[in-house]
Amino acid sequence: MKKILVTGAVGQIGSELTLALRQKYGNDNVIATGHKTKPSEKLLNSGPFELINCTDINTIEAVVKKHNIDTVYHLAALLSAVAEANPQLAWDVNMNGLYNTLEVAREYKCALFTPSSIGAFGPSTPLDNTPQDTTQRPNTIYGVTKVAGELLCDYYYKRFGVDTRGVRYPGIISYETLPGGGTTDYAVEIYYEAIKHKKYTCFLKEGTYLDMMYMPDAIKAAIDLMEAEPGKLKHRNAFNVTAMSFAPEHIASEIKKTIPEFTIDYKVDPVRQAIAETWPNNMDDSVARQEWGWKPKYNLASMTKDMLEKLSQKLKKD
Ligand code: SER
């Protein structure tokens, strides 16, 4: 029986991944953990919740011991724009947090999933059809921590036999919990503003292509990879995974099909624009498809239809 710990369970991915894991492995077998942000009622009422701070190894160890944890989904991290505003904190949370979690996983023989990101690439990476194995010289602190994290996870597997696995997530779009300050957040905000005000001012320029994915596919990627037959994995960490690639004007045209009055204009944030320009336009995820059968369900059209339906229902209730 799996006993799972989720760090960052209150965050954008964690809040939904925890519920999916609880459904699959049983409510009491999935321990949600968070640091400061208040967990939702859904999270609190569906299973155990503990406070931990990933930068303090003792707090992770105590929960792993108490609940006999054998698998960790380590999601606690700062996103790119917030990280750029506070590089020292980003290093502490993203790097020391991962190191501490890996150390506990080594000691207590836990498997560990942790996401890398499109942010692990940089300006000298081929930005079209970005290969699985290629140049990675990111120029953001977020990217630096992601590349170092990929390498550290590979190291813990080879050196200590820790069953580390991970993907490079693109921008994740969801309606449950807002993302916490990333460069791809416009693709979430746009749906909220389309429903509330029928217009959106985008902080990235027209023509800025980035990889994206709808939350159900992001959850499926994490669980499928952790369930994959280990013998099939030639890579273990940092698999490129994507579901779609688009620029702001494409998501706007798709929204217009449901909300014809919707308009978009642009007020570019130079920090986030500069970050986006160093990230892939579209990644090649064929290695994940070959090694563990990765295949997303949603494209821009099906995601937009579902997002607008689900988010409208949610905003009516709020
Ligand atoms: N969504 C993330 C960000 O924009 C990328 O991994 O920071």
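Details of the structure are given in the entry above.
The model shown is predicted, which means the values in this text are computed figures rather than measured ones. (Residues numbered from 1 in each chain as written. Predicted model: local features only at pLDDT ≥ 70, side-chain atom pairs only at ≥ 80, totals over all residues. Heavy atoms only, no water.)

## Observations regarding the pairing of strand S2 (residues 30-34)
Working note: regular strand, side chains alternate between the two faces of the sheet. Of all five residues in S2, five are buried; the element is thus mostly enclosed. Burial of the side chains of S2 extends over both faces: Val30, Ala32 and Gly34 are buried on one face and Ile31 and Thr33 on the other. Here three bridges tie strand S1 (residues 4-7) to S2, and the two strands are oriented parallel to one another. Each bridged residue has a counterpart across the sheet, and for Leu5 the counterpart in S2 is Ile31. Tracing the backbone out of S1, into helix H1 (residues 12-25) and back to the parallel element S2 gives a crossover that is right-handed. Bridging between S2 and strand S3 (residues 49-51) involves three bridges; their strand directions are parallel. By the bridge assignment, Thr33 is partnered in S3 with Glu50. (Buried < 20%, exposed > 50% of the residue type's maximum accessible area, 1.4 Å probe, protein only. Helix = DSSP H or I, 4+ residues; strand = E, 2+ residues; numbered from the N terminus. Pairing = 2+ DSSP bridges. Right-handed = clockwise from strand over helix to strand, strands pointing away.)

## Some remarks on the sheet that holds strand S6 (residues 116-117)
Strand order in the open sheet formed by three strands is S6-S9-S13, with parallel pairing between adjacent strands. Bordering the open sheet on either side are S6 and strand S13 (239-240), each of which pairs with just one other strand. Summarising the sheet, strand S9 (residues 167-169) and S13 pair through two bridges and their orientation is parallel. Counted as the bridge partner of Arg168 is Asn240 from S13.

## Things to note about the sheet that holds strand S10 (residues 171-173)
Whenever strands of a sheet pair, they do so through backbone hydrogen bonds, lying parallel or antiparallel. Here three strands make up an open sheet; going across it, the order is S10-S12-S14 and the pairing mixed. The outermost strands of the open sheet, each flanked by one partner alone, are S10 and strand S14 (244-246). On average, each strand axis in the sheet is inclined to that of its neighbour by 40°, with strand direction left out of account. Pairing analysis gives three bridges linking strand S12 (residues 210-214) to S14, with the strands arranged antiparallel. (Axes fitted to C-alpha atoms, helices over the stretch in contact; angles between N-to-C directions.)

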